[in-house]
Amino acid sequence: MKERCLVLMKPDALEKRLTGIILDRLERLELDIVAAKAVCLTEDLIRAHYQHLAGKPFLENVVRYMMGDYNHLPNHKILAFVFQGEEAVAKIRRTVGATNPDNAAPWTIRGNFGKFDKAADIVYNCVHASDSAQDAEREINLWFSPQEILDA
């Protein structure tokens, strides 16, 4: 089934200069990139994106992490992509790996480049990928206007 998936390259991916490697791995999935941009984050956008974490004790760490507070990124910049194609969400999720890098297969993006800092309770997992087609549509609408998305 043809669907879309939002992918965010997070502050630790930018700080470590992993964006090219990550994009290369995702492009090998033979999906179409129908939108891409650099985004200077706002706290409102992050909180809207992670609304499902409202009330969780680790939400504030997630917000600070996404704002680059742990990664020495002064402009709160990340890269955002929309991939489209057959089973886009499942393909990307397999390549990205489990949210917690400690649980991710070693060949996945998060397994290779992520880490969980237990002492600080911060997950550095390099990328976000929508976990369902329904979440993808909600997330894509937060990050992109319809005019920014190409028809593939």
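Heads up: these notes are all about the structure in this document.

Reading the values: rules and limits
- Residues numbered from 1 in each chain as written.
- Predicted model: local features only at pLDDT ≥ 70, side-chain atom pairs only at ≥ 80, totals over all residues.
- Heavy atoms only, no water.
- Phe/Tyr/Trp six-rings, centres within 6.5 Å; stacked < 30°, edge-to-face > 60°.
- Helix = DSSP H or I, 4+ residues; strand = E, 2+ residues; numbered from the N terminus.
- Buried < 20%, exposed > 50% of the residue type's maximum accessible area, 1.4 Å probe, protein only.
- Polar contact = N/O pair within 3.5 Å; in protein donor to acceptor, adjacent residues only side chain to side chain.
- Contact = heavy atoms within 4.5 Å.
- Salt bridge = Lys/Arg side-chain N within 4 Å of Asp/Glu carboxyl O.

**Observations concerning the packing of aromatic side chains**
Then comes step 1: The final tally for this structure, using the stated rule, is two aromatic pairs.
Then comes step 2: Between Tyr65 and Tyr124, the ring centres sit 5.7 Å apart and the planes meet at 90 degrees, which makes this aromatic pair edge-to-face. One end of the pair, Tyr65, is in helix 4 (residues 59–66); the other, Tyr124, is in strand 5 (residues 122–124), and 59 residues separate them in sequence.
Then comes step 3: Here Tyr65 falls in the buried class, since its relative accessible area comes to 3%.
Then comes step 4: Here Tyr124 falls in the buried class, since its relative accessible area comes to 9%.
Then comes step 5: A ring pair is formed by Phe81 and Phe83, whose centres lie 6.1 Å apart and whose planes are at 35 degrees; its orientation type is tilted. This pair shows no difference in class: Phe81 is buried, exactly as Phe83 is.

**Details of the side chain of His49**
Then comes step 1: Positionally, His49 belongs in helix 3 (residues 43–49).
Then comes step 2: Overall, His49 belongs to the buried group, its relative accessible area being 0%.
Then comes step 3: In terms of polar contacts, His49 uses its side chain to reach the side chain of Trp143, at 3.0 Å.
Then comes step 4: Other than its neighbours up to four places away in sequence, His49 contacts Leu6, Leu8, His128, Arg138, Glu139, Leu142 and Trp143.

**A look at the pattern of salt bridges**
Then comes step 1: On inspection of all chains with the given rule, the structure shows six salt bridges.
Then comes step 2: For Arg28, the salt bridge goes to Asp24, with nearest N and O atoms at 2.7 Å.
Then comes step 3: Under the relative-accessibility criterion, Arg28 is labelled exposed at 62%.
Then comes step 4: Exposure remark for Asp24: the relative accessible area of 35% places this residue in the partly exposed category.

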